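Okay, here's what each chain looks like letter by letter:
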Amino acid sequence: MKNRYGGGDKPPFSYPVKVGHISANPVTVHLEANARELEELASLWQVLAVNSLKADLQVARWKKDGVRLKGRVTADIVQACVVTLEPVSSKIDEDLEQIFVPEGSKLARIVTNDAAEMVLDPEGPDIPETFSGDTIDAGAVVAEFAALAIDPYPRKPGIEFADHLEDDADETPARPNPFAVLKDWKKD
């Protein structure tokens with residue numbers, strides 16, 4: 001079984017890293033998408049354009065058989081405004097940190113307490129991803145982190161939704177309240 005980082009169909013932005021070549025000393029890697037990759041990412045992410053996607057990563061061995069990617073992902077994208085459909089430019093600037101362990105590694109197990117409940121710390125590190133084979137696709141990781149940072153509802157600056165369906169508390173209702181006739185029902 002292939003996972004999303006260790007093989008299978010080639011993603012639009014790919015940078016394979018051979019796990020066996022990674023040492024304990026971090027190696028800095030600069031990744032930058034070319035024109036074809038940018039077009040394919042725009043199609044995948046369903047945005048008007050991806051003008052750039054770059055990452056500076058440190059790749060190092062983690063524990064005995066794991067791999068740690070740490071760095072920064074930046075991108076310039078153009079989306080359609082959800083109100084006017086006009087193009088909206090936005091920048092993505094995200095920290096990236098991901099740990100990978102081989103399939104079947106005891107380091108990949110989810111930590112549980114005595115009651116067999118999952119223990120997740122929202123401020124703590126993510127659970128390590130698993131990989132199969134001897135390669136991790138750092139480019140796919142970069143593209144995933146960028147995709148998760150895309151604003152799902154982009155709006156041009158100053159643009160608001162014109163029609164409000166909410167009632168103003170200060171306004172009187174346009175039609176009478178059907179329960180108004182009952183207001184004096186139980187007097188005395």
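My aim in this report is to walk through the structure given alongside it, one point at a time. These numbers come from a predicted model, not from an experiment. Here the residue numbers are simple positions, counted from 1 along each chain's written sequence. Residue-level local features of this predicted model are given only where pLDDT is at least 70; pairs of side-chain atoms are given and counted only at 80 or more, and the full residue set underlies all totals for whole chains, interfaces and linings. Note that water and hydrogens are dropped before the side-chain values are worked out from all heavy atoms of the structure.

1. Looking at unusual backbone geometry
Part 1 of the argument: One non-glycine residue, Gln 46, adopts positive backbone phi at about 55°.
Part 2 of the argument: A positive phi angle, close to 65°, is found at Leu 85, a residue other than glycine.
Part 3 of the argument: Think of it this way: any DSSP run of H or I at least four residues long counts as a helix, any run of E at least two long counts as a strand, and we number them from the N terminus. For Leu 85, the location among the structural elements is in the loop between strand E4 (66-80) and strand E5 (87-102).

2. Side note on helix H1 (residues 35-45)
Part 1 of the argument: Buried residues are those whose accessible area, probed at 1.4 Å on protein chains only, stays under 20% of the maximum for their type, while exposed residues exceed 50% and partly exposed ones sit between those limits. Turning to H1, its buried residues number three or more, namely Glu 37, Leu 38, Leu 41, Ala 42 and Trp 45. Down the axis, H1 shows its buried residues gathered within 140° of arc, on one side only. Exposed side of H1, more than 90 degrees from the buried face: Ala 35, Glu 39, Ser 43 and Leu 44 are the residues found there.
Part 2 of the argument: Where H1 begins, the side chain of Asn 34 points an oxygen toward the backbone nitrogen of Arg 36, at a separation of 3.1 Å. It is the directions from the helix axis to the C-beta atoms that the arc portrays. Polar contacts, as counted here, are pairs of nitrogen or oxygen atoms within 3.5 Å of one another; within protein the pair requires one atom able to donate a hydrogen and one able to accept it, and residues that are adjacent in sequence qualify only if both atoms are side-chain atoms.

3. Details of the nonpolar core
A general feature of soluble globular proteins is that nonpolar side chains tend to end up buried together.
Part 1 of the argument: Counting residues in hydrophobic clusters, the biggest one holds 34 residues, and the most contacted among them are Trp 45, Leu 53 and Val 142.
Part 2 of the argument: Those elements giving two or more residues to this core turn out to be strand E2 (27-32), H1, strand E3 (49-62), E4, E5 and helix H2 (138-148).
Part 3 of the argument: Here this core gets six residues from one element, more than from any other, and that element is H2. Nonpolar core, defined: a set of buried Ala, Val, Leu, Ile, Met, Phe, Trp, Tyr and Cys residues in which side-chain atoms within 4.5 Å join the residues together.

4. Section: the side chain of Gln 98
Part 1 of the argument: With respect to the secondary-structure elements, Gln 98 resides in strand E5.
Part 2 of the argument: Judged by relative accessible area, which is 6%, Gln 98 ranks as buried.
Part 3 of the argument: For Gln 98, the contacting residues outside a window of four places in its chain are Val 67, Arg 68, Leu 69, Ile 127, Glu 129, Val 141 and Phe 145. The contact criterion used throughout is that any non-hydrogen atoms of two residues lie within 4.5 Å.

5. With respect to the sheet that holds strand E6 (residues 129-131)
Part 1 of the argument: With mixed pairing, five strands are arranged side by side in an open sheet as E2-E3-E4-E5-E6. Either end of the sheet is taken by a strand with one partner, and the two such strands are E2 and E6. If you compare each strand with its neighbour and ignore which way they point, the axes differ by 25° on average.
Part 2 of the argument: Where H1 meets the sheet, it contacts E2, E3 and E4, and its direction lies at approximately 95° from that of E3.
Part 3 of the argument: Each axis is a line fitted through C-alpha atoms, taken for helices only over the stretch in contact, and angles between the N-to-C directions span 0 to 180 degrees. Its contacts with the sheet place H2 against E2, E3, E4 and E5, and it is angled at close to 135° to E5. Any two strands with at least two DSSP bridges between them are considered paired.

6. Some thoughts on the side chain of Ser 52
Part 1 of the argument: Its place among the elements puts Ser 52 in strand E3.
Part 2 of the argument: Given a relative accessible area of 16%, Ser 52 falls into the buried group.
Part 3 of the argument: Sequence-distant contacts of Ser 52, defined by excluding residues within four places in its chain, comprise Leu 38, Thr 74, Ala 75 and Asp 76.

7. As for the environment of Asp 56
Part 1 of the argument: Relative to the elements of secondary structure, Asp 56 occurs in strand E3.
Part 2 of the argument: When its relative accessible area of 42% is taken as the criterion, Asp 56 is described as partly exposed.
Part 3 of the argument: On a C-alpha basis, the gap between Asp 56 and Gly 71 in space is 5.5 Å, while along the polypeptide they are 15 residues apart.
Part 4 of the argument: Reaching out from Asp 56, the side chain makes a polar contact with the side chain of His 30 at a distance of 2.7 Å.

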